[in-house]
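Now for the letters of each chain:
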Amino acid sequence: MSLNKSLITNLVAALILAAGLLLNNAILFWVGLFALSGALTNWLAVYMLFEKVPGLIGSGVIPNRFEEFKGAIHTLMMEQFFTAENIDKFVSGQSSELHNKLNLTPVIEKVDLAPAFDRLVEVIMNSSFGSMLGMFGGAGALTPLKEPFEKNMKVSLIEMTEAPEFLANLQKEIDQPNVMAEIQAKIEEIINARLEELTPELVKKMVQQMIKQHLGWLVVWGGVFGGLIGLVSALVSNYLVL
């Protein structure tokens, strides 16, 4: 779209200049000349942002300053968006939804609690109650308790993870400075990995896409103001001659 605006502006200015020459009209000539010079100058300036022009120092500024652009993107992301304060706000903002989002039931259901039961039996047998239990079959007497123990333990764990106190404690741990630092470090690692994938050509396209629409208007207004300056110059010139 910006290319069309630039092309149309330059064509209109060139036509006005040609009309001024053909009709020997000084006003049209100066309006067309200044409009064309303004439009062409702005078009060249826009072009030089993205492309290297031999002999023109400073052209191709975006590809040439590729590393600086990468550094600026990194600084912008880490210092403006992913600060410890913003991460904390985000996590805190999710705390009211943790009850709906944090569902550990499927995980707890798959946990093998047999080792926990075996550990419990071991503790009982090593206690003063163990010698008494020995008269009733020892550790084997506790085997019928294994299934109800595992079932009730899972129910208790599920209830515990759904309790507001558990969620509050989890939120408190997430809010710890070292946890925030780890989250920040991980985000920075992801951003750096993505930035390493960027190439000068890709950065050029990214910037072009962001400001393409506005750059086209620079050419249009360059032609318009150039034409107005040409009109004023022609009028003043005629006045001075008279």
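Residues numbered from 1 in each chain as written. Predicted model: local features only at pLDDT ≥ 70, side-chain atom pairs only at ≥ 80, totals over all residues. Heavy atoms only, no water.

Looking now at the overall build of the protein chain. Assigned secondary structure in the protein chain consists of 13 helices and zero strands. What you see in the protein chain, going N to C, is helices and strands ordered as α-α-α-α-α-α-α-α-α-α-α-α-α. When contacts within the protein chain are restricted to residue pairs at least 6 apart in sequence, those whose partners lie at least 24 apart make up 70%. When the accessible area of the protein chain is evaluated, it comes to approximately 16400 Å², of which 67% is carbon and sulfur surface. (Helix = DSSP H or I, 4+ residues; strand = E, 2+ residues; numbered from the N terminus. Contact = heavy atoms within 4.5 Å. Areas by Shrake-Rupley, 256 points an atom, 1.4 Å probe, with all protein chains shown as cover.)

In this section: the packing of aromatic side chains. Counted by the stated rule, this structure contains four aromatic pairs. Note on W43 and Y47: the rings are 5.5 Å apart at their centroids and 20° apart in plane angle, and the pair reads as stacked. Taken together, the positions of W43 and Y47, both in helix α2 (residues 26-50) and four residues apart, correspond to about one turn of that helix. Judged by relative accessible area, Y47 falls into the partly exposed class, the value being 37%. Between W221 and F225, the ring centres sit 5.8 Å apart and the planes meet at 35°, which makes this aromatic pair tilted. Note that W221 and F225 are positioned in helix α13 (residues 200-241) at a spacing of four residues, about one turn of the helix. Relative accessible area serves as the criterion here: at 45%, W221 is assigned to the partly exposed category. Feature note: the residues F29, W30 and F34 constitute an aromatic cluster, connected by ring pairs. (Phe/Tyr/Trp six-rings, centres within 6.5 Å; stacked < 30°, edge-to-face > 60°. Buried < 20%, exposed > 50% of the residue type's maximum accessible area, 1.4 Å probe, protein only.)

Summarising the model, the protein chain shows a mean pLDDT of 76, and 77% of its residues fall at 70 or more. Ranking the elements of the protein chain by mean pLDDT puts helix α6 (residues 98-101) last with 53 and α2 first with 87. (pLDDT = per-residue confidence, 0-100.)

Let us now look at the environment of V207. Within the fold, V207 resides in helix α13. Aside from chain neighbours lying at most four places away, what touches V207 is F50 and I62.

The next subject is a nonpolar patch on the surface. On the surface, a cluster of nonpolar side chains totalling about 660 Å² of accessible area is made up of W217, W221, V224, F225, L228, L231 and L235. Here L231 shows up in helix α13. (Patch = residues over 30% accessible without salt bridge, like charges linked within 9 Å, V, L, I, M, F, W, Y side chains within 5 Å. Salt bridge = Lys/Arg side-chain N within 4 Å of Asp/Glu carboxyl O.)

Attention now moves to the nonpolar core. Judged by nonpolar contacts, V46, F50, I62, F66, M78, I187, I191, L195, L198, V203, V207 and L215 together constitute the single largest core of 12 residues. What L198 contacts, discounting residues up to four positions off in sequence, is F66, K70, I73, V203 and M206. (Core = buried A, V, L, I, M, F, W, Y, C linked by side-chain atoms within 4.5 Å.)

Within the secondary structure layout, E150 lies in helix α10 (residues 146-162). Among buried charged residues, E150 stands out as having no salt bridge; its nearest opposite-charge side chain is K146, 4.5 Å away. Contacts of E150, omitting those with residues within four sequence positions, involve L113 and A114. (Lys, Arg positive; Asp, Glu negative; His and termini not counted.)

A word on the packing of helix α8 (residues 114-125) against α10. Running from N to C, α8 and α10 point in directions that differ by 120°, and their axes come no closer than 10 Å. As far as their axial angle goes, α10 and α8 are oblique. Helix-helix and strand crossings are classified by hand; for α8 and α10 the assignment is right-handed. Every residue of α10 that contacts α8 at A114, A116, F117 and L120 is listed here: K146, F149 and E150. Broken down by class, the residue content of the contact of α8 with α10 amounts to five nonpolar, no polar and two charged. (Axes fitted to C-alpha atoms, helices over the stretch in contact; angles between N-to-C directions. Parallel < 35°, antiparallel > 145°, perpendicular 65-115°, else oblique. Left-handed = near helix turned anticlockwise from the far one by under 90°. Nonpolar A, V, L, I, M, F, W, Y, C, P; charged D, E, K, R; others polar.)

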